[in-house]
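Residue strings, one per chain:
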Amino acid sequence: VTRISGPAESSRAAFSAGADNMLYTENSARFEEAFEALTADLVSGKLDQTRLMESISRRRALLDRISSARPPKEGISRKESGS
């Protein structure tokens, strides 16, 4: 996606569409551009702070859920355990 519109516009579009997470693995320059764009939008009021806080809350809840999950028992596949 960033090859078509760049990290700044891609991150803005993703956030506007409801994305809570954006992954930038290619290089840190793309992450920096996206971060700077979203930060500028937050400061200028273009990015809704309430929406951002809701996103942060969902991410925290997911991370809490993941961190409290128990690993599967050895020797039992997900299919066999009914998961």
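Note that the structure is a prediction, hence the values are computed from the model and not measured.

(A) Region of interest: the side chain of Ser 11. Mapped onto the fold, Ser 11 is located in helix H1 (residues 2-16). Judged by relative accessible area, Ser 11 falls into the buried class, the value being 0%. Here Ala 8 takes part through its backbone oxygen, which lies 2.9 Å from a polar atom of the side chain of Ser 11. When residues no more than four places from it in sequence are discounted, the contact partners of Ser 11 are Met 22, Tyr 24, Ala 34 and Leu 38.

(B) Representation of the side chain of Ser 55. Looking at where Ser 55 falls in the secondary structure, it is placed in helix H3 (residues 49-68). At 2.8 Å, the side chain of Ser 55 forms a polar contact with the side chain of Asp 20. Not counting residues within four places of it along the chain, the set of residues in contact with Ser 55 comprises Phe 15, Ala 19 and Asp 20.

(C) Expanded view of a nonpolar patch on the surface. Side chains of Leu 62, Leu 63 and Ile 66 sit close together on the surface and give an oily, nonpolar patch of about 290 Å² of accessible area. Along the chain, Ile 66 turns up in helix H3. Classification of Ile 66 by relative accessible area gives exposed; the value is 53%.

(D) Structural detail: the pattern of salt bridges. Taken as a whole, this structure holds four salt bridges when the rule is applied. The shortest N-O distance in the salt bridge between Arg 12 and Glu 9 comes to 2.9 Å. Here Glu 9 and Arg 12 lie together in helix H1, a separation of three residues that amounts to about one turn. Looking at Arg 12, the relative accessible area reads 27%, which means it is partly exposed. Residue class for Glu 9 comes out partly exposed when judged on its relative accessible area of 44%.

(E) Spatial organisation of the packing of aromatic side chains. Throughout the structure, instances matching the rule amount to one aromatic pair. Taken together, a centroid distance of 5.9 Å and an interplanar angle of 25° make the contact between Phe 31 and Phe 35 stacked. Placement of the pair is Phe 31 and Phe 35 together in helix H2 (residues 28-44), with a separation of four residues, close to one helical turn.

What counts and how
Residues numbered from 1 in each chain as written. Predicted model: local features only at pLDDT ≥ 70, side-chain atom pairs only at ≥ 80, totals over all residues. Heavy atoms only, no water. Helix = DSSP H or I, 4+ residues; strand = E, 2+ residues; numbered from the N terminus. Buried < 20%, exposed > 50% of the residue type's maximum accessible area, 1.4 Å probe, protein only. Polar contact = N/O pair within 3.5 Å; in protein donor to acceptor, adjacent residues only side chain to side chain. Contact = heavy atoms within 4.5 Å. Patch = residues over 30% accessible without salt bridge, like charges linked within 9 Å, V, L, I, M, F, W, Y side chains within 5 Å. Areas by Shrake-Rupley, 256 points an atom, 1.4 Å probe, with all protein chains shown as cover. Salt bridge = Lys/Arg side-chain N within 4 Å of Asp/Glu carboxyl O. Phe/Tyr/Trp six-rings, centres within 6.5 Å; stacked < 30°, edge-to-face > 60°.

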